[in-house]
Amino acid sequence: YNSISIMANCATPYHRDVNGWQQWLDMLIMVGNYPPLDFIIPTLNLQFQYNPRTIIDMPGSALEHGVGYADCNCTCLTYYMWQNVHQSVGIPLCSSPHVSDLQL
């Protein structure tokens, strides 16, 4: 990961992360003391409990997602990569993972 965002006590309306690359996974880590929230991926009709200490890995640029608001003390640490950072420092982009890449 080459970037991090910290979001505290806020809702995130449905969105796609525009700076990522569809092959990359974003990592979302929830910390704090708050009642259960729902992490929603409407495209796939999925809803997950977003409790404290939850970690979600997902392609944020490929899947629309969002979290509702709760009046609480919660923080989301979001780790992600931006394609332009790789390009500016001359690091080639990786290809998509494939099951044949695994050495069993």
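Quick note: structure is the one above.
Residues numbered from 1 in each chain as written. Predicted model: local features only at pLDDT ≥ 70, side-chain atom pairs only at ≥ 80, totals over all residues. Heavy atoms only, no water.

A. Quick look at the environment of Cys-76. Relative to the helices and strands, Cys-76 is located in strand β8 (residues 73-80). When the C-alpha atoms of Cys-76 and Tyr-34 are compared, they prove to be 12 Å apart, with 42 residues separating the residues in sequence. (Helix = DSSP H or I, 4+ residues; strand = E, 2+ residues; numbered from the N terminus.)

B. Structural detail: the sheet that holds strand β6 (residues 55-58). Taken together, four strands build an open sheet; the order of strands is β1-β8-β3-β6 and the sheet is antiparallel. Pairing within the sheet leaves two strands with one partner each, and these edge strands are β1 (3-8) and β6. Sheet twist, expressed as the average angle between the axes of neighbouring strands with direction ignored, equals 15°. Two elements, β1 and β8, share six bridges in a ladder whose sense is antiparallel. Looking at β8, one finds that Ile-6 is bridged to Leu-77. (Pairing = 2+ DSSP bridges. Axes fitted to C-alpha atoms, helices over the stretch in contact; angles between N-to-C directions.)

C. Quick peek at a nonpolar patch on the surface. Taken together, the side chains of Leu-44, Leu-46 and Phe-48 present a nonpolar region at the surface, about 250 Å² in accessible area. Relative to the helices and strands, Leu-44 resides in the loop between β4 (38-41) and β5 (46-49). Overall, Leu-44 belongs to the partly exposed group, its relative accessible area being 47%. (Patch = residues over 30% accessible without salt bridge, like charges linked within 9 Å, V, L, I, M, F, W, Y side chains within 5 Å. Areas by Shrake-Rupley, 256 points an atom, 1.4 Å probe, with all protein chains shown as cover. Salt bridge = Lys/Arg side-chain N within 4 Å of Asp/Glu carboxyl O. Buried < 20%, exposed > 50% of the residue type's maximum accessible area, 1.4 Å probe, protein only.)

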